Amino acid sequence: MAALSDARRLVVKIGSALLVDSTTGDLRADWLTSLAADVARLRARGTDVVIVSSGSIALGRGILGLPMTSLALEQSQAAAAVGQIRLARAYEEALNPHKIIAGQVLVTLEDSQDRRRYLNSRATMETMLGLGVVPIVNENDTIATDEIRYGDNDRLAAQVAVTVGADQLVLLSDVDGLYTANPNIDSTAQHIAFVSEITPEIEGMAGDAGSGLSKGGMITKIMAARTATEAGCAMAIALGTPMNPLGQLENGAPATWFAAHSDPQAARKRWISAMKPRGTIAVDDGAVAALVRGNSLLPAGVTQIAGTFGRGDLVSIVDPKGAQLGKGLARYTSAEARQIMGRHSSDIAKILGYEGRAALVHRDDMVL
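A brief report on the enclosed structure follows. (Residues numbered from 1 in each chain as written. Predicted model: local features only at pLDDT ≥ 70, side-chain atom pairs only at ≥ 80, totals over all residues. Heavy atoms only, no water.)

### Quick notes on the nonpolar core
Where a protein is soluble and globular, its nonpolar side chains tend to be buried together. Judged by nonpolar contacts, the single largest core of 37 residues is most densely connected at Ile14, Leu19, Leu32, Val170 and Leu172. Counting residues per element, this core draws most heavily on helix α2 (residues 29-44), at 7 residues. What Ile14 contacts, discounting residues up to four positions off in sequence, is Leu19, Trp31, Leu35, Ile51, Val52, Ser53, Ser54, Tyr91 and Leu172. Val105, Val164, Ala166 and Phe258 belong to the second largest nonpolar core, which has 35 residues in total. (Core = buried A, V, L, I, M, F, W, Y, C linked by side-chain atoms within 4.5 Å. Buried < 20%, exposed > 50% of the residue type's maximum accessible area, 1.4 Å probe, protein only. Helix = DSSP H or I, 4+ residues; strand = E, 2+ residues; numbered from the N terminus. Contact = heavy atoms within 4.5 Å.)

Rendered as structure tokens:
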């Protein structure tokens, strides 16, 4: 079973019902302060932390005096616009005493479905984590319509975990895990501490009861678990209502852990291997040697570009004799790649007119 103390990169999902008082619409500031202390402790021992937080609509509707019942789309988006400011400030104020910088990331479903946007999101959050920032991720409710929505932050959190290569995901909720039946209506329901595989039987145990502010029931959590575990990320459903909820989980509080099927890097490599190349990049002997050593593919080592591909598309990488070395996700379009091939990375800005990335294919996006 996974343990929070082993996490190298952790994604934590926080539901609206934990962050916002359901009767007043006010922020639960003391609870958020305790969570920030948990985050600071995790980061102090070297764990990267990403927070996926609901709450913008719940906070905004309280500020605007809108009813706590269901809202029209336009009202929800207006509430989100107001609430996002309050939510970002709340995290900033909670983390600041620990000298931790918070950064807001707003996404939609399209951002993960489009490979170019996916790579942008991945690169941005990787850079934020590298700079010591805690990304606060939320769905961009001010612009997302039903067709481009995740609809719940459980599945968004799982996709964020996949995007950043997290090895653990914790869904903090108003329940302490999965039961054999709904414990609110069945007194014989048994808590399940560990799930090694998501079977139809496990899926059948998931009811769809959520809290008044939350859109995600147990069904969405099981869907999130499937996404996360297939990408090499262990996931826990844990009770988030107590103070210091991550500390409580670490100290043995009841939860349901779902086992990862592999590690995040291996899962990502399998995903890349299964894709069909859209073009070919030929490289020289120097680049071959560099790639074998585990380096990224730089433009200087490229001798030829074949095919038409966009940024984020899969390309085949071949050696001077035309033998395939591997595959990877291109960080430039085929037209841009032809302009910069054979040139040093320091020349990219002068050639393309903007500061691009040094690698044509990054080693994290490559399979040899």
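### A look at the pattern of salt bridges
Scanning all chains against the criterion turns up 14 salt bridges. Note that Asp313 and Arg278 form a salt bridge whose closest N and O atoms lie 3.8 Å from each other. Of this pair, Asp313 sits in the loop between β12 (302-307) and β13 (314-318) while Arg278 is found in the loop between α11 (264-273) and β11 (279-283), placing the two residues 35 residues apart along the sequence. Owing to a relative accessible area of 47%, Arg278 belongs among the partly exposed residues under this scheme. (Salt bridge = Lys/Arg side-chain N within 4 Å of Asp/Glu carboxyl O.)

### As for the environment of Trp271
Checked against the element boundaries, Trp271 lands in helix α11. In this structure, Trp271 is in contact with Tyr118 and Leu329, ignoring residues within four places of it in sequence.

### Here we look at unusual backbone geometry
Positive phi is not limited to glycine here, since Lys99 has a value of about 60 degrees. The residue Lys99 is located in the loop between α4 (73-95) and β3 (101-107) in this model. Unlike most non-glycine residues, Asn244 shows phi in positive territory, near 50 degrees. Its location among the elements puts Asn244 in the loop between β9 (234-239) and α10 (245-250).

### Here's the deal with the side chain of Ser53
Within the secondary structure, Ser53 is located in strand β2 (residues 48-53). Overall, the relative accessible area of 0% leaves Ser53 in the buried class. Excluding its chain neighbours within four sequence positions, the residues that come into contact with Ser53 are Ile14, Leu19, Leu87, Tyr91, Ile136, Val137, Asn138 and Asn153.

Treat this as a map of the structure, not an account of what it does.
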